[in-house]
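# Residue-level structure breakdown
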Amino acid sequence: MKNRLLWPLLALAALLLLNLVVTPSFFEMRIQDGHLYGGLVDVLKNGAPTLLIALGMTLVIATRGIDLSVGAVAAIAGAVTCVHIGTSGDVGTAFVGMAIALVLCALLGLWNGFLVAGLGIQPIIATLVLMTAGRGVAMLVTEGQIITVNNDAYRQVGAGFLVLPISILIALAVLGLVALTTRKTALGMLIESVGVNPEASRLAGVRAKTIIWTVYVFAAVCAGIAGLMISSNVSAADANNAGLWIEMDAILAVVIGGTSLAGGRYSLTGTLLGALIIQTLTTTVYTIGVAPEVTLVFKAVVVIAVCLVQAPKARAALSFRKVAVSS
Amino acid sequence: MLKKITTAASVIALCALTACGSGSGGGTDTGSSGDTITMGFAQVGAESGWRTANTKSIQDEAKAAGIDLKFSDAQQKQENQIKAIRSYIQQKVKVIAFSPVVETGWDTVLLEAKRANIPVILTDRAIDSDDTSLYKTFLGSDFVEEGRKAGDWMVANASGPTNVVELQGTTGAAPAIDRKKGFEEKIAAKPEIKVVASQTGDFTRSGGKQVMEAFLKSQPKIDVVYAHNDDMGLGAIEAIKAAGKVPGKDIKIITVDAVKDGMAALANGEINFIVECNPLLGKQLMELAKKVVKGEEVPARVVTVEGTFTQEQAKAALPTRQY
């Protein structure tokens, strides 16, 4: 396990090093209005939604599933909350709005769970339904407009600070909670066993279906919280663009972290590293000034490099210092 | 690993296929009498406040001009627009107008319209075709000119060395390319104005905020932000505030579009200058349509009437702003 985390850790370190060389000011940190301010803080703040979604995704993938609908669910959460808040600046309204949004997200998670565990539809197809329809729902809620709100309580979720950004504190709290409940109890093992073989687990007395329902609901709630952060960060709900393609980032974070898409094994620390790598990569592109036209290529090269060094064959080649054989 | 990659690739491909695959457009058929002009309009969709205002302007002005409008929403899909145009041809409308979703692939359907002797007017977006006889005129904004207006203001208001950071629109989109070009053209006159960093914020608030946050850390001195639309500018305002600076004073902001939220920020003094990109082209479109139907000559390119807003003008214009 330790060895698996070594490469993502090195990749993250290499990215940070690149920033240090190109823009030394990247690591500067100061106190601004009572909170930390600097490039690394931005990475944490903007990486929080991806981390949260990747956490939910990790458990889903551990059951050999996948959830493509998280981006759409995030958009719905932001849309519902902002529409509820409207022009109100009231703390209570903000919390009620967020509560409604999260309950709704849990229901959407139940729907995904129903399709996957109840009807036995392939996860990729089952969640594709909500991925497509969900954004439409968010558009319906906002009537296709960008809803701007002015509510200080709501702004705290995504843009607020308690020395550190509140968003990363929430994400780390959820990470801690998941680590406790799945690693200190048997739940994690049960999830993995479902991922290895749902039928065999069921015969062995594991409630496979209940576990699958649970992970999809958890993933949807994580996506909901992430959606609140995304929308709160700019005090607006943009049904078209909020959380667009974030499911891809989340899946990538999970995979970079060493969790197998085939299910049955997962690493929460790996997911944390994966999410940080992805956000650092994005921020790096902005700071070192990669031309927008080649940004995607730059990102792809880094991702391929990270994935390759993790591949058993590549690692074997590296450790024996063999010249790579071309296929 | 290969399996993982192929899985990931197929996931991405699937998403691309289905991401914009909801609903379907299609013309509404209401029938028309002999004398009034019937216009078939194929809209792109309802993807933004700008577009909604555009649609409303066309519908209202058609009513005012006594033109019978058949309206369809293509939900950002070209095939829906082509279907709508074909149905307009079959219904023998007098004139067809549309905002093409994409630039290419219109030759066949426009040739059908030409053979049926139905004139076509392009609005808001151009098409890429060698055969310019396929449409009578193109009514829309001149994005390069918008960039030039922003550049003009910059040149007029710069004193001493000025560092500009640019928040570009979606990479490859015509407004992003042209607004960048026009701006650069104008500021070239004053060498002390320099664009020190330029990244894409994808026309979104989150994008604008994230890019601006990074710029604020990597650039030692930023005097001006030039954002290709209001939303990215609004995101940048948030980032500037978080850095303990005052948007509009410590760092000046220029944006393009003039949607309501942007105008409100301009009136508040958080944005310094907005170049308008006017969606209210309904009136001009109806006038053109009447001329085209009568067989009068119209210019091949008509630019929408667009202005610029300073903070004082925004305060005056805000109460009556439609979008």
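This one's a predicted model, so the numbers in the text were calculated from it and none came from an experiment. (Residues numbered from 1 in each chain as written. Chains lettered and ligands numbered in written order. Predicted model: local features only at pLDDT ≥ 70, side-chain atom pairs only at ≥ 80, totals over all residues.)

## Examining the overall build of chain B
- Helix and strand counts for chain B stand at eleven helices and twelve strands.
- For chain B, the proportion of its 323 residues judged to be buried stands at 49%.
- Taking contacts inside chain B between residues at least 6 apart in sequence as the whole, the part at least 24 apart equals 75%. (Helix = DSSP H or I, 4+ residues; strand = E, 2+ residues; numbered from the N terminus. Buried ≥ 20, exposed ≤ 12 C-beta atoms within 10 Å, placed from the backbone. Contact = placed C-beta atoms within 7 Å.)

## Topic: the pairing of strand E2 (residues 35-38) of chain A
- As paired elements, strand E1 (residues 29-32) of chain A and E2 of chain A share four bridges and run antiparallel to each other. For Ile 31 of chain A, the partnering residue across the bridge sits in E2 of chain A and is Leu 36 of chain A. (Pairing = 2+ DSSP bridges.)

## Observations regarding the interface of chain B and chain A
- Of the residues lining the interface, 37 residues belong to chain B; the matching set on chain A comes to 39 residues.
- Looking at the side of chain B that touches chain A, the elements with two or more residues in it are helix H1 (2-18), helix H2 (49-64), strand E7 (193-200), helix H7 (205-218) and helix H8 (230-242) of chain B.
- Top contributing element to the side of chain B that touches chain A by residue count: H7 of chain B, with ten residues.
- Of the residues that constitute the side of chain B that touches chain A, the class distribution is twelve nonpolar, 16 polar and nine charged. (Nonpolar A, V, L, I, M, F, W, Y, C, P; charged D, E, K, R; others polar.)

## Some remarks on the environment of Lys 77 of chain B
- For Lys 77 of chain B, the location among the structural elements is in the loop between strand E2 (68-73) and helix H3 (78-90).
- Taking the C-beta count within 10 Å as the criterion, Lys 77 of chain B has 19 such neighbours and is therefore assigned partly exposed.

## Description of the sheet that holds E2 of chain B
All names here are of chain B.
- Across the sheet, six strands lie side by side as E2-E1-E3-E4-E5-E11; this open sheet has parallel pairing. Each of the sheet's edge strands pairs with one partner strand only, and the pair in question is E2 and strand E11 (301-303). Direction aside, neighbouring strands of the sheet carry axes that sit 20 degrees apart on average.
- When strand E1 (residues 38-43) meets strand E3 (residues 95-98), the two strands line up parallel, connected through four bridges. (Axes fitted to C-alpha atoms, helices over the stretch in contact; angles between N-to-C directions.)

## Points about the domain arrangement of chain B
- The domains assigned to chain B are domain 1 (36-141 + 279-305) and domain 2 (143-277).
- Centre-to-centre, using C-alpha coordinates, domain 1 of chain B lies 32 Å away from domain 2 of chain B. (Domains from an automatic or database assignment.)

## Some remarks on the confidence of the model for chain B
Residue and element names in this part refer to chain B.
- Per-residue confidence for chain B averages 87 on the pLDDT scale, and 89% of its residues sit at or above 70.
- Model confidence for chain B, summarised as mean pLDDT per element, is weakest for H1 at 50 and strongest for strand E8 (residues 224-227) at 97.
- Across residues 13-33, confidence stays below pLDDT 50; counting only partners more than four residues off in sequence or on other chains, it has 34 contacts.
- As scored by the predictor, the complex reaches a pTM of 0.84 and an ipTM of 0.90. (pLDDT = per-residue confidence, 0-100.)

## A closer look at the environment of Ala 54 of chain A
All names here are of chain A.
- Inspection of the secondary structure puts Ala 54 in helix H2 (residues 39-62).
- The class of Ala 54 is buried, set by 36 C-beta atoms lying within 10 Å.
- Each C-alpha atom of the pair Ala 54 and Leu 252 lies 8.5 Å from the other, and the pair is 198 residues apart in sequence.
- Non-local contacts of Ala 54, meaning those with residues more than four positions away in its chain, are made with Ala 250, Ala 253, Val 254, Thr 271, Gly 274 and Ala 275.

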